[in-house]
Amino acid sequence: MTWKLTLPCSKADAEALAEDIPALAELDPPPALMTSEPDPSRPEEMELAVYLEDRPDEDFITLLKTLLPNSPSAEAVVEELPEEDWVTLSQQGLDPIEAGRFYVHTARDAGTVPSQLVGIQVEASRAFGTGHHPTTAGCLRAIDQLPAAPENVLDLGTGTALLAIGIAKAFPSAQILASDIDAPSIHVARETLEANGVTEGDAPGEIRLLVADGFEAPELALRMPYDLIVANILAQPLIELSSDIAEALAPGGTLILAGLLTDQADAVAGAFRGAGLDPVAADPNEGWPILIFTRAGLGGA
Ligand SMILES: C[S@@+](CC[C@H](N)C(=O)[O-])C[C@H]1O[C@@H](n2cnc3c(N)ncnc32)[C@H](O)[C@@H]1O
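Residues numbered from 1 in each chain as written. Predicted model: local features only at pLDDT ≥ 70, side-chain atom pairs only at ≥ 80, totals over all residues. Heavy atoms only, no water.

A. Structural view of the sheet that holds strand β1 (residues 3-10). If you trace the 4 strands from one edge of the open sheet to the other, you get β2-β3-β1-β4, paired in antiparallel fashion. Each having just a single partner strand, β2 (32-36) and β4 (77-80) make up the two edges of the open sheet. Strand-to-strand twist across the sheet, computed as the mean angle between neighbouring axes with direction ignored, equals 20°. Looking at chain direction, β1 and β4 are connected through 4 bridges and run antiparallel. Looking at β4, one finds that Trp3 is bridged to Glu80. Running at roughly 30° to β1, helix α3 (residues 58-66) makes contact with β1, β3 (45-52) and β4 of the sheet. (Pairing = 2+ DSSP bridges. Helix = DSSP H or I, 4+ residues; strand = E, 2+ residues; numbered from the N terminus. Axes fitted to C-alpha atoms, helices over the stretch in contact; angles between N-to-C directions. Contact = heavy atoms within 4.5 Å.)

B. Geometry of helix α6 (residues 162-170). Across the 9 residues of α6, 8 count as buried, placing the element largely inside the fold. Of all the positions in α6, only Leu162, Leu163, Ala164, Ile165, Gly166, Ile167, Ala168 and Ala170 are classed as buried. (Buried < 20%, exposed > 50% of the residue type's maximum accessible area, 1.4 Å probe, protein only.)

C. Up close: the packing of helix α5 (residues 134-144) against α6. Two elements in contact, α5 and α6, have axes separated by 10 Å at closest approach and are oriented at 20°. Accordingly, the angle class assigned to the pair α5 and α6 is roughly parallel. In the packing of α5 onto α6, the handedness of the crossing is right-handed. Note on element contacts: α6 touches α5 through Leu162, Leu163 and Ile167, opposite Thr136, Cys139, Leu140 and Ile143. A breakdown of the residues in the contact of α5 with α6 according to their chemical character gives 6 nonpolar, 1 polar and no charged. (Parallel < 35°, antiparallel > 145°, perpendicular 65-115°, else oblique. Left-handed = near helix turned anticlockwise from the far one by under 90°. Nonpolar A, V, L, I, M, F, W, Y, C, P; charged D, E, K, R; others polar.)

D. Geometry of the side chain of Ser185. Looking at the secondary structure, you find Ser185 in helix α7 (residues 183-195). A distance of 2.6 Å separates the side chain of Ser185 from the side chain of Asp182, its partner in a polar contact. (Polar contact = N/O pair within 3.5 Å; in protein donor to acceptor, adjacent residues only side chain to side chain.)

E. Spotlight on the site of the ligand. Near the ligand there are 15 residues, and of these Thr136, Gly157, Asp180, Gly214 and Asn232 occur at the shortest range. Between Gly214 and the ligand, the recorded distance is 2.9 Å, taken from a backbone N or O atom to a nitrogen atom. At 2.8 Å from an oxygen atom of the ligand is found a side-chain nitrogen or oxygen belonging to Asn232. The residue makeup of the shell around the ligand, split by class, is 5 nonpolar, 7 polar and 3 charged. (Near = heavy atom within 4 Å.)

F. View of the sheet that holds strand β6 (residues 102-105). With mixed pairing, the 3 strands of this open sheet are ordered in space as β5-β6-β7. The open sheet has two edge strands, β5 (97-99) and β7 (118-121), and neither has a second partner. Here the average twist between neighbouring strands, direction ignored, is 25°. Those strands touched by α6 are β6 and β7, and its axis lies near 150° from that of β7.

G. Local environment of the pairing of strand β11 (residues 226-232). Across the 7 residues of β11, 6 count as buried, placing the element largely inside the fold. Two elements, strand β8 (residues 152-156) and β11, share 4 bridges in a ladder whose sense is parallel. In the sheet register, Asp155 faces β11, and the bridge partner there is Val230. Of the strand pairs in this sheet, β11 and strand β12 (residues 249-258) are connected by 6 bridges, and their pairing is parallel.

H. Representation of the environment of Glu247 in the model. With respect to the helices, strands and loops of the structure, Glu247 is situated in helix α10 (residues 242-248). Its relative accessible area of 54% is what places Glu247 among the exposed residues. Through-space distance from the C-alpha of Glu247 to that of Gly276 is 8.6 Å; in sequence the pair is 29 residues apart. Not counting residues within four places of it along the chain, the set of residues in contact with Glu247 comprises Met224 and Arg295.

I. Highlighting unusual backbone geometry. In this structure, Pro225 follows Met224 across a cis peptide bond, with omega equal to -5°. Within the fold, Pro225 resides in the loop between α8 (218-222) and β11. The phi angle at Asn285 is positive, at roughly 45°, despite the residue not being glycine. Topologically, Asn285 is positioned in the loop between β13 (278-283) and β14 (290-294).

So this is what it looks like as structure tokens:
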């Protein structure tokens, strides 16, 4: 992402935007939106910053303005950012989010974790998973609603390892394997573990990080079966991995799937039903559905 578009907006529009991302979320890749209050003495006058990979065209700016109905005179400022700088700039707008019992924040807000919530500290980085994407927040809510504490967990496509860290903190007896096809993401995940005081290892409460494409590394099979698998990837890789994922799930275990769009949910669900799993729930989640499956078996569904 190397372009930044800034639009002044009213506080009401900025607050409504948090709920109103579907129109943008379907873009590939979805742009990152940050709202801020440039002048604390004028709390009604806010600013929307959008970070994009490509230069925004007039159609995109018009679409954004339709999302700011109370800011009619908003003039868009478009600027190209040096490749390295957008992360730092976007970081300034990463306000904490709550999802279920989880509170995701950057180092800047480390002191603001409410005592009843589980804090997860994540910095903006080139790895996916700051909690601000609906898929990540939806997975956190699904983890929050698990019917029982998991003991043996696989976080497939871990990105920053935010979901794995949330699981380690919420369920200290869980043993967790967190894998990603992308080696730089695992590097970021390692830093994120450290920032959260979570140890990399194989004991309960620890997370083992691994670079792996799907189930191609033997370590994934060695720890099977998992009583919780979370896979926030994209629809096509999920479909391709459906048999491997289904085989890795323990009877009675829970599978949380994300990364698919609403119109891809039937195809993804069909692949996992075909692989022998039973659907338990589907959360529409702002156009990024969360699908939950289990494997029937002794003591299971
Ligand atoms: C949408 S991000 C999810 C990150 C994080 N789990 C979250 O929920 O925010 C998807 C991640 O899956 C990884 N990924 C994509 N295909 C994969 C595959 N075949 N095997 C393992 N990881 C994969 C990507 O590198 C990326 O880090």
